[in-house]
Amino acid sequence: MAGLSLARKPLPRLAWLQPAVLAGSLLPFVVLLVKGLTGRLGANPIATAMNQLGLLALIFLTASLTCSPLKVLFGWKWPLKVRKTLGLLGFYTALSHFLVWLVLDQGLALQAVVEDVIGRPFILVGFVALLLLVPLARTSTSAALKRMGYRAWKRLHRLAYVATALGVIHFFLRVKADVTEPVVYGVFFALLMVIRLFDERRRRTLRVSRSR
Amino acid sequence: MARRDLPPDPKISEITAPELYANRRTFLKQAGLFVAAGSAWGGGLVALSSRGQADPPPAPPPIPRGETKAGDAWQKIVRPTPYDTSEDKTPFEDVTTYNNFYELGTSKADPARNAGSLELHPWTVKIGGEVEKSVTVDVDGLIQRFGLEERIYRMRCVEAWSMVIPWVGFPLAKLVKWAKPTSRAKFLVMKTLFDPEQLPGQRRKVLDWPYVEGLRIDEATNPLTLMSVGLYGAPLLGQNGAPLRLVVPWKYGFKGIKSIKELWFTEQMPRNTWKMANSNEYGFYANVNPEVPHPRWSQATERRIGKIGRIPTEKFNGYGEYVADLYAGMDLKRYF
């Protein structure tokens, strides 16, 4: 009687959090799809979809990197419950951003695509960011963590910082004159890294003082 | 027996488990939190990721009647001309909601949204520099003096998209002749209105305001070069550069300076705004050329707005027969 045994356990206090983040995260995709299918994405719908997916990927990646600084700053543990979901959303959104460019924008013209990836720093930077996210998405399960060992897994997953930084640079290089928005993401990212560094240093001194 | 009067017992499976019954408040609370948090997070994501989305299209402006200073020029637009393309015209709503006019905002939809702050009447233009006599003239006066014609041109943006637009205007050559430049005049420099009240984008120094563009005199007097005051048979809307803008169809769109307030004839080549902002990426000539890529993207193909897929970009945007002579012997890779 699976139903009964489930019911016997009281609901965990934060059972709503993960499904809420997942459902909310799907909303922009639903809006984009409905607008796209009803011709409400403006004069250049492919460019609009590409821009929105790219920005959304950066938002997800930044949000997933905000989780542990929130714990450092306020002692909250709940953000850690959605960190992995946000990171995976970042990867899948970046992938769909790339696929819209490859299929809808470039029409699978592979020669032009290869020339662009190799020859245009702004596209290369975005492409490398996506490639860096692939191993992270592949090792996102707890089974992978066990297999790799915590230290190696953690070292690998530090690539998320590099990928997000490259995402910000990709955004920065794309705009023609008004760099306000990419700079805002860049400053926020830098702030997160500073919090991490301070936390790391604090922990190291704690360890040293304990071992004495 | 009394038992017959009672409703039948519910099946065992329909009885709410006592634990679940006790949990119902927690369950309702959690469901509420799920909906609230999910919609707040989702709404925030939609708002953050879709900034700069297009608004519904505005209606075309009314065509002025004969009582304005422009007389009945708007009723006597000359069409067709030999310069027209027969390609499908880009819909009015796309031409008026997908614009680069940073003085009215940097997203494509901003100009349509912010154009209301532009005061279009009256609008005078100063003509000076190397001319016999400086003058300040009213745009309606220019329209009456030179008459109007329609030119259906391709417009190729440096961002690798393009449109086909039925412009209304007069050849710049007529204005140049009328302004009587001196023999020292080699270039014609144009400036956009500088007024952060009317052009709120100028409150932030995204570019070095006011916007400056220029042409060599032989480019300015080429029969293709148009001073536009309208499109689709009606006066320009603010987002398209009302009331007076330049159209040079063989050059990238950023040469088409909008809301022109000043025209100066000079001996020196002017420093145009985008070249000043980034001289590696934007030059003075800005001729459409698929062989010279923009450093950040290819210029070999373009997307025609309203169509699916990409089409090859033509040298001089397909107007080579009219303008290639202007650049004979020039290294167009160097003078891009």
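Cut-off values and rules
- Residues numbered from 1 in each chain as written.
- Chains lettered and ligands numbered in written order.
- Predicted model: local features only at pLDDT ≥ 70, side-chain atom pairs only at ≥ 80, totals over all residues.
- Helix = DSSP H or I, 4+ residues; strand = E, 2+ residues; numbered from the N terminus.
- Buried ≥ 20, exposed ≤ 12 C-beta atoms within 10 Å, placed from the backbone.
- Contact = placed C-beta atoms within 7 Å.
- Core = buried A, V, L, I, M, F, W, Y, C linked by C-beta atoms within 7 Å.
- pLDDT = per-residue confidence, 0-100.
- Pairing = 2+ DSSP bridges.
- Axes fitted to C-alpha atoms, helices over the stretch in contact; angles between N-to-C directions.
- Parallel < 35°, antiparallel > 145°, perpendicular 65-115°, else oblique.
- Left-handed = near helix turned anticlockwise from the far one by under 90°.
- Nonpolar A, V, L, I, M, F, W, Y, C, P; charged D, E, K, R; others polar.
- Expected span 1.5 Å × (residues − 1).

## Observations concerning the overall build of chain A
Part 1: Helix and strand counts for chain A stand at 10 helices and 0 strands.
Part 2: Secondary structure elements of chain A, listed N to C terminal, follow the sequence α-α-α-α-α-α-α-α-α-α.
Part 3: Based on the C-alpha atoms only, the size of chain A along its principal axes is roughly 60 × 55 × 35 Å.
Part 4: For chain A, the residues scored as buried account for 26% of the 212 residues in total.

## Some words on the interface of chain A and chain B
Part 1: Between chain A and chain B, the residue contacts involve 32 residues of the former and 40 residues of the latter.
Part 2: Every element with two or more residues in the side of chain A that touches chain B is listed here: α1 (2-8), α2 (17-37), α3 (45-74) and α5 (110-119) of chain A.
Part 3: No other element matches α2 of chain A, which puts 9 residues into the side of chain A that touches chain B.

## Describing the nonpolar core
Part 1: I143 and L188 of chain B are the most contacted members of the largest nonpolar core, which totals 74 residues.
Part 2: Among the elements that make up this core, the one with the highest residue count is strand β4 (residues 161-171) of chain B (6 residues).
Part 3: Residues within four places of I143 of chain B in sequence aside, it is in contact with A70, A73, L148 and V229 of chain B.
Part 4: Membership of the second largest hydrophobic core comes to 36 residues, among which are L58, V82, L136 and V168 of chain A.

## Considering the confidence of the model for chain B
Part 1: Here chain B shows a mean pLDDT of 92. Residues at 70 or above account for 96%.
Part 2: Both confidence scores are given for the complex: pTM 0.86, ipTM 0.88.

## A look at the pairing of strand β6 (residues 212-216) of chain B
Side-chain positions along a regular strand alternate between the two faces of the sheet.
All names here are of chain B.
Part 1: The element β6 is largely enclosed, with a buried count of 4 among its 5 residues.
Part 2: When strand β5 (residues 187-192) meets β6, the two strands line up antiparallel, connected through 5 bridges. In the sheet register, M190 faces β6, and the bridge partner there is E213.

## Considerations on the sheet that holds β6 of chain B
Residues and elements named next belong to chain B.
Part 1: Spatial strand order, β2-β1-β10-β5-β6: 5 strands in an open sheet with mixed pairing. Edge positions in the sheet fall to β2 (135-138) and β6, since each of these pairs with one other strand and no more. Strand-to-strand twist of the sheet, defined as the mean angle between neighbouring strand axes without regard to direction, takes the value 20°.
Part 2: Of the strand pairs in this sheet, strand β1 (residues 124-129) and β2 are connected by 4 bridges, and their pairing is antiparallel.

## Side note on the confidence of the model for chain A
Part 1: Here chain A averages 92 in pLDDT, while 95% of its residues score no lower than 70.
Part 2: Mean pLDDT in chain A bottoms out at α1 of chain A, which sits at 50, and peaks at helix α9 (residues 159-174) of chain A, which reaches 97.

## Comments concerning the packing of α9 of chain A against helix α10 (residues 180-211) of chain A
Residue and element names in this part refer to chain A.
Part 1: Put simply, α9 and α10 touch, their axes get as near as 9 Å, and they point 160° apart. Overall, the two elements α9 and α10 adopt an arrangement that is roughly antiparallel. Handedness of the α9/α10 crossing: left-handed. Along the contact surface, α9 presents Y161, T164, A165, V168, F171 and F172, while α10 presents P182, Y185, G186, F189 and M193.
Part 2: For the contact of α9 with α10, the class distribution of residues is 9 nonpolar, 2 polar and no charged.

## Observations concerning the pairing of strand β11 (residues 301-304) of chain B
Residue and element names in this part refer to chain B.
Part 1: Note: β4 against β11, 2 bridges, orientation parallel. The partner of S162 across the bridge, within β11, is R304.
Part 2: Sheet topology places β11 next to strand β12 (residues 311-312); 2 bridges connect them, and they run antiparallel. Across the sheet, E302 pairs through a bridge with I311, a residue of β12.

## A short note on α10 of chain A
Along an α-helix, residues three or four positions apart point the same way, because every turn accommodates 3.6 residues.
Residues and elements named next belong to chain A.
Part 1: Here α10 contains 32 residues, and its C-alpha end-to-end distance of 47 Å stays within 8% of the 46 Å for a straight helix at 1.5 Å per residue.
Part 2: By the criterion of burial, α10 is predominantly exposed, with just 3 of the 32 residues buried.
Part 3: Buried residues along α10 sit against α3 and α9.

## Section: the packing of α3 of chain A against helix α4 (residues 80-105) of chain A
Residues and elements named next belong to chain A.
Part 1: Across the interface, α3 lies against α4 with an axial gap of 8 Å and an inter-helix angle of 160°. For the element pair α3 / α4, the angle class is roughly antiparallel. In the packing of α3 onto α4, the handedness of the crossing is left-handed.
Part 2: A class-by-class count of the residues in the contact of α3 with α4 yields 18 nonpolar, 8 polar and 3 charged.

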